[in-house]
Amino acid sequence: MIFHRPHALFALLLALAPWLALIPPPRRTIPRVLFAPLAFLSTRRARKQRARRNILQAALLTVMIVALALLWSDPQLASSNELERKRPTTSGKTSLDKLNIIVVDAGERSNSNDPTLAECLRMALATNASAENVALVSYLEFATTNLSLERYNLVIVAELSSPNAKDLETLRRYLAREDGAVILWHGSDVDAQAWREAISKLTNIQLECLALKLDDDSTTNAKRLPRQETNAEKLFKDAFPDFEGARLDAPPLTRATVCYGDAYVVLRDAERQIPIFSQITPRLYWFAASTDRRCGALLAMPAFQALVENVALFPARYDAELQKKAGKRVDLQTYIWALLAVATLGYAVLVPNRDRRRAQTPKRSRQATNTRTS
């Protein structure tokens with residue numbers, strides 16, 4: 001929740017004032033009256049009713065004060081990434097042929113016959129998109145030249161083991177734009193500690209990055225995620241026509257560098273419950289596994305091309321879903337005004353009845369005194 005006038009929250013301290021009136025005054029010694037008028041003596045039931053009425057009155061006043069203070073502070077529902085979510089990412093471009101994608105090849109070729117991760121990603125994306133929409137550049141070109149990223153809707157940084165200050169500055173400038181998303185697709189050699197510090201500087205979000213050997217059950221079990229499914233996971237599954245049959249949640253991996261903590265899970269390994277694809281912010285994503293043979297057989301899975309396409313399209317789909325929900329969102333101030341109206345109405349009904357009873361008390365006492373005299 002975001003408060004546009006947070007200084008107004010100090011007015012919430014006034015909510016304690018109605019309850020101070022319920023504190024009983026200090027007892028004073030008064031002379032005893034042997035024959036007190038019975039009309040002024042209240043029964044135990046009447047005292048309980050009066051106490052309940054006073055508590056209800058204090059509660060209604062507290063609700064009214066809290067509602068007024070919240071309205072003054074101008075609240076707005078928001079999550080930790082709401083400021084990022086307000087900005088559109090890819091302008092509703094939810095198909096590959098409408099996206100301009102650049103893949104940065106930061107990996108080292110282990111075998112001259114094997115393609116790098118970046119080359120595999122480009123081939124998978126260029127199948128359903130025109131070759132002009134998917135560009136492949138080397139890390140040297142990305143790091144040493146003033147490469148213009150403005151025309152690209154998606155930047156995929158493949159196999160960058162450890163970012164330097166210039167890399168972070170380039171990504172920061174790109175994320176400061178009005179649109180565009182970045183996917184950090186990691187390889188077999190990852191400096192998890194360096195990336196944890198880099199993400200903290202880039203987004204002010206504290207995360208944990210951990211390189212795991214997935215055949216070591218003791219290691220993976222210690223980092224299990226909660227079983228409940230996130231909204232991002234549901235969106236990813238619903239967008240894929242045959243998610244269960246394709247077994248995207250059971251990739252053949254032996255190594256992965258996972259990102260967990262304040263990141264949202266988009267795709268997790270169903271058996272080990274570790275995040276494979278994570279959302280750090282709606283503009284920044286993390287994919288934990290490479291096509292390197294040392295990391296498993298991800299390239300050999302039948303649905304590899306579909307996996308790459310859905311990962312690349314997810315930022316745009318997620319943004320479209322957020323915009324659809326934002327149109328249906330009810331303003332929080334509407335509920336606060338309704339609460340204030342109900343509390344005011346209840347207080348208006350309660351207080352006149354109490355004053356009416358007080359006004360009738362002397363008349364009743366006089367009638368009782370006249371009856372005893374006669």
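Residues numbered from 1 in each chain as written. Predicted model: local features only at pLDDT ≥ 70, side-chain atom pairs only at ≥ 80, totals over all residues. Heavy atoms only, no water.

## A closer look at the overall build of the protein
Filter applied, for reference: Only runs of H or I of at least four residues qualify as helices and only runs of E of at least two qualify as strands under DSSP, and these elements are numbered from the N terminus. Think of it in three bands: residues with accessible area under 20% of the maximum for their type are buried, residues over 50% are exposed, and the middle band is partly exposed, with areas taken using a 1.4 Å probe on protein chains only. Here, two residues are considered to be in contact whenever any of their heavy atoms come within 4.5 Å of each other. Here the accessible surface of atoms and residues is derived via Shrake-Rupley with a 1.4 Å probe, and residues count as covered only by protein chains that are part of the display.
On a plain count of helices and strands, the protein comes out with 12 helices and 11 strands. Each of the 374 residues in the protein was classed as buried or not, and the buried ones make up 42%. Of the contacts made within the protein by residues no fewer than 6 positions apart, 77% connect residues no fewer than 24 positions apart. Summing over all exposed atoms, the protein offers an accessible surface of approximately 21300 Å²; the carbon and sulfur share of this is 56%.

## Things to note about the environment of C259
Secondary-structure assignment places C259 in strand 8 (residues 255-261). Among the residues examined, C259 registers a relative accessible area of 2% and is labelled buried.

## With respect to a nonpolar patch on the surface
We count it as follows: Note that patches include only residues with greater than 30% relative accessible area and no salt bridge, and the join distances are 9 Å for like charges and 5 Å for nonpolar side chains (Val, Leu, Ile, Met, Phe, Trp, Tyr). Counted as salt bridges are all cases of a side-chain nitrogen of Lys or Arg within 4 Å of a carboxyl oxygen of Asp or Glu.
Together, W19, L22 and I55 give the surface a local cluster of nonpolar side chains, amounting to about 260 Å² of exposed area. Along the chain, the position of L22 falls in the loop between helix 1 (17-20) and helix 2 (44-73).

## As for the environment of P252
Following the sequence through the fold, P252 ends up in the loop between helix 10 (243-246) and strand 8. Assessed through its relative accessible area of 34%, P252 is described here as partly exposed. Once the C-alpha coordinates of P252 and L298 are considered, the two residues, 46 residues apart in sequence, prove to be 5.6 Å apart.

## Considerations on the packing of aromatic side chains
Centre distance and the angle of the planes are the two values used to describe a pair of aromatic rings. The following threshold applies: Stacked, edge-to-face and tilted are the three classes for Phe, Tyr and Trp ring pairs, Trp counted by its six-membered ring, which pair at centre distances within 6.5 Å; planes under 30 degrees apart are stacked, over 60 edge-to-face, the rest tilted.
Following the criterion strictly, the structure yields 11 aromatic pairs and no others. Ring geometry for Y139 versus F142: centroids 6.4 Å apart, planes at 40 degrees, classification tilted. Highlighted residues: Y139 and F142, both in helix 5 (residues 139-144), separated by 3 residues, approximately one helical turn. The class for F142 is buried, based on a relative accessible area of 3%. A network of ring pairs unites the aromatic residues W185, F236, F243, F277, Y285, F287, F314 and Y318 as a single cluster.

## Let's talk about helix 9 (residues 231-239)
Applied cut-off: What the arc describes is the spread of directions from the helix axis to the C-beta atoms.
Among the residues making up helix 9, those that are buried are A232, E233, L235 and F236. For helix 9, the arc enclosing every buried residue in end-on projection is 165 degrees, short of the 170-degree limit, so these residues lie on one face. In this structure, helix 9 carries N231 and D238 as exposed residues pointing more than 90 degrees from its buried face.

## Considerations on the pattern of salt bridges
On inspection of all chains with the given rule, the structure shows 8 salt bridges. Of the charged contacts, one joins K234 and D238 as a salt bridge, the two residues approaching to 3.0 Å between their closest N and O atoms. In this pair, K234 and D238 are both assigned in helix 9, 4 residues apart and thus about one turn of the helix distant. What makes D238 exposed here is its relative accessible area of 54%. Several salt bridges share partner residues, and in doing so they unite D189, D292 and R294 into one network.

## Focus on unusual backbone geometry
Positive phi, normally seen in glycine, also occurs at N204, with a value near 60 degrees. Along the chain, N204 falls in the loop between helix 7 (192-203) and strand 7 (207-213). Positioned with a positive phi, R247 is a non-glycine residue whose angle comes to about 60 degrees. With respect to the helices and strands, the residue R247 is situated in the loop between helix 10 and strand 8.

## Regarding the sheet that holds strand 9 (residues 264-268)
Paired through backbone hydrogen bonds, the strands of a sheet run either parallel or antiparallel to each other. Quick note on the threshold: By the convention used here, strands pair only if DSSP detects at least 2 bridges between them. Axis definition: a line fitted to C-alpha atoms, over the contacting stretch in the case of helices. Angles run 0 to 180 degrees between N-to-C directions.
Spatial strand order, 4-3-5-6-11-10-9: 7 strands in an open sheet with mixed pairing. Pairing within the sheet leaves two strands with one partner each, and these edge strands are strand 4 (134-138) and strand 9. This sheet shows a mean twist of 20 degrees between the axes of neighbouring strands, independent of strand direction. With respect to the sheet, helix 4 (residues 117-126) is in contact with strand 3 (101-105), strand 4, strand 5 (154-158) and strand 6 (181-185), its orientation differing from that of strand 4 by roughly 170 degrees.

## Comments concerning the pairing of strand 10 (residues 275-281)
Most of strand 10 is tucked away, with 7 of its 7 residues classed as buried. Here strand 9 pairs with strand 10 via 4 bridges, running antiparallel. Bridged to R268 within strand 10 is P275. Linking strand 9 back to strand 10 in an antiparallel pair, the connection comprises 6 residues, with Q273 at a positive phi of about 60 degrees. Taken together, the 4 bridges between strand 10 and strand 11 (residues 284-287) define a ladder with antiparallel strand orientation. Among the inter-strand pairings, T281 is bridged to a residue of strand 11, identified as L284. Counted between consecutive antiparallel strands, the loop separating strand 10 from strand 11 contains 2 residues.

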